[in-house]
Amino acid sequence: MTGQLSRVDVTVLPAGWLSKGSYPSEASGSWSPALSPDGRHMAYVSDRSGSPKVWVQPVGSELTFLVDTGAEPVASVQWSTGGGWLACVLAPGGAPRTEVWLVRPDGSALHQVAGFGSDSAENTRWLPGRPLLAVTENLTTTVLVDAEHGTREVIAEGELISLFDVSADRRRALLRRGPRGARHVVVRDLETGVDEYVTSGEQACFAPDGSIYARSDTGERPVLLRIVDGTAEVVAGAGTAEVEQFALTSDGAKVAVLWNAHGGRSELTVHTADGSTAVPLPGTVVSGPVWSHDGSTLAFTAEGPGQPHGVWVWDGDQPQAVSAEEPAPGAVHPTLRRFPSHDGLEISGWLFEPAGPGPHPAVLWFHGGPEAQERPGHGPLFQSLVDRGIAVFAPNVRGSSGFGRSFVNADNGPLRWAAVADVAACVEHLVATGVADPARVGCMGRSYGGYLTLAALTTYPELFAVGIDVCGMSNFATFYEHTEPWIAAAAVSKYGDPVRDAELLRELSPITRIDRLRAPLMVVHGENDSNVPVIEAEQVVTALAARGVPHRYLLFPGEGHELLHRSSRAEYLRATVGWLTDHLGVSSPAA
């Protein structure tokens, strides 16, 4: 349900509109690698055809095969350990609601197994050595799908619950429970229904011997634990780096550990009983490590400045590209800036700076989450702005991940005002160090970053010459009312309870201070977004129109909380660069 607009300038892009030009967002990317059991073939998602689809490719060959999964965009793919099925997560209409479909690797026998009707299915995982797919629906129902027999079995139900694994004897299940920022792992006895606490964390699995591997964030920085008969040992941990993800081979002999280190750069190590090996990385940021069933080959996604997402394999030597673009020549690599914020807490961010002396026109970019992190990966928007002489600073204000447990929880509830004040500290740092021209500073962000943009523009209107809000929350009351129920339930721990904390949420909502906003603002939203519903954009645009504030509203049909089609992303980039260059007084690309 959305509100009604009146006398508002809305640009609605026609479905299927194809961008033309040379913007770097038009370069296709590949992600979500999934290896065949013997590691000789890979399935992955790529948008080379214009929207995300599943492709299968022999490792070491350029021959590719498109797997027909229908018209809807695909978010991820996983290959069953028996080799007979691909599990594909589809995002109908580009919306946050997702469905799970199974298809043979040759493209036959496509059928849906989860996410029916209004349900949303996520957290899919093939159980090693079995044709069983673990799926969670609506964060309330966990299911095992038997691919061979076509059956579904409910394993556990409850509020804010997710399924990680089921033991080989079907007597125990590993579950995640709790809201954002307070999630923990439990082992449930499926005969008695009794839960046993394992650790605070976001990832866990059973090993073949019945022990448990878990990414634990009980301490200040996440580590990898192995739990045997209730006793935990640290498999991998470091004082200054975080264990981000891990992947255990089906036989339990090797575990790949993905690290978040040095402000957001990736490291990848493989651990065995004989020690550990560092994997050479083809990019600055890596994600999604996954083994072939026989443990011979490790696959992952890699990216970097000027280098779109690509999928790679590693078998003990140098990584080999399966589907990856060459890095763009001349791409600007960012530098990491660290400085004290308004209360002395150290914050940091990645600075993309144009050639030549400053001060420059500058834009602050805020990531979503807020429990996410700005990292030095592929950013076509940043490169396009730097090419035009605009500096880009992408900070990790308090509430971001990657800097320890205390930092990620430092913006919960009423502490959010301190995160908003971090924005002013970022501007002060850029101006004081000669990077930014104080008269030509803008800000923008997506999702929570869109909220932070609106909050900054209404709290510190004197600091900014322009802004862009991309699917940001403007009113916590309407956000809680219209978002998906499971999203609302999980958000309470971060933002506050919509009833108990109604007054705090009203004060934190930028719409209550919209009279203070005076910078020209572009608002961008996907029409099908059910995470941050489009009413969040509409009420901002209506308020700006009523007050005569310069604005533009860019609405994308067929898209949800993310822009999944390349044509949409290219038009978004074109409009964004145009809006910022116009209002920051930059007329042409830098020489």
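Since this is a predicted model, take the numbers as computed values, not measurements.

By the secondary structure assignment, G150 is in the loop between β12 (141–146) and β13 (151–157). Note: C-alpha distance between G150 and Q57 (93 residues apart in sequence) is 27 Å.

Averaged over every residue, the pLDDT of the protein chain is 93; the share at 70 or more is 95%. Considering only residues more than four positions removed or in separate chains, one finds that residues 1–9, a stretch of pLDDT under 50, has 20 contacts. Segment residues 11–26 is flagged for pLDDT under 50; beyond a separation of four residues in sequence, or across chains, it makes 39 contacts in the model.

Judged by pairing direction, the sheet is antiparallel, and its 4 strands sit side by side in the order β25-β26-β27-β28 without closing on themselves. Whereas interior strands pair on both sides, the edge strands pair on one side only; in this sheet they are β25 (285–291) and β28 (320–323). Pairs of neighbouring strands in the sheet enclose a mean axial angle of 30 degrees, with direction left out of account. Judged from the 6 bridges that link them, strand β26 (residues 298–304) and strand β27 (residues 307–314) form a sheet pairing that is antiparallel. Looking at β27, one finds that T301 is bridged to V311.

Below, the discussion takes up the pattern of salt bridges. Enumeration according to the criterion identifies 27 salt bridges in this entry. For the salt bridge of E153 with R170, the shortest nitrogen-to-oxygen distance reads 2.4 Å. Placement of E153 in strand β13 and of R170 in the loop between β14 (161–166) and β15 (172–177) is noted, with a sequence separation of 17 residues between them. Residue classification places E153 among the partly exposed positions, given a relative accessible area of 37%. One salt bridge connects E202 with R183, and the closest N-O pair in it is separated by 3.6 Å.

What follows deals with the environment of S567. Looking at the element boundaries, S567 is found in helix α9 (residues 566–583). The exposure class assigned to S567 is buried, which follows from its relative accessible area of 18%. Separated by 229 residues in the primary sequence, S567 and R338 place their C-alpha atoms 36 Å from one another.

Cut-off values and rules
Residues numbered from 1 in each chain as written. Predicted model: local features only at pLDDT ≥ 70, side-chain atom pairs only at ≥ 80, totals over all residues. Heavy atoms only, no water. Helix = DSSP H or I, 4+ residues; strand = E, 2+ residues; numbered from the N terminus. pLDDT = per-residue confidence, 0-100. Contact = heavy atoms within 4.5 Å. Pairing = 2+ DSSP bridges. Axes fitted to C-alpha atoms, helices over the stretch in contact; angles between N-to-C directions. Salt bridge = Lys/Arg side-chain N within 4 Å of Asp/Glu carboxyl O. Buried < 20%, exposed > 50% of the residue type's maximum accessible area, 1.4 Å probe, protein only.

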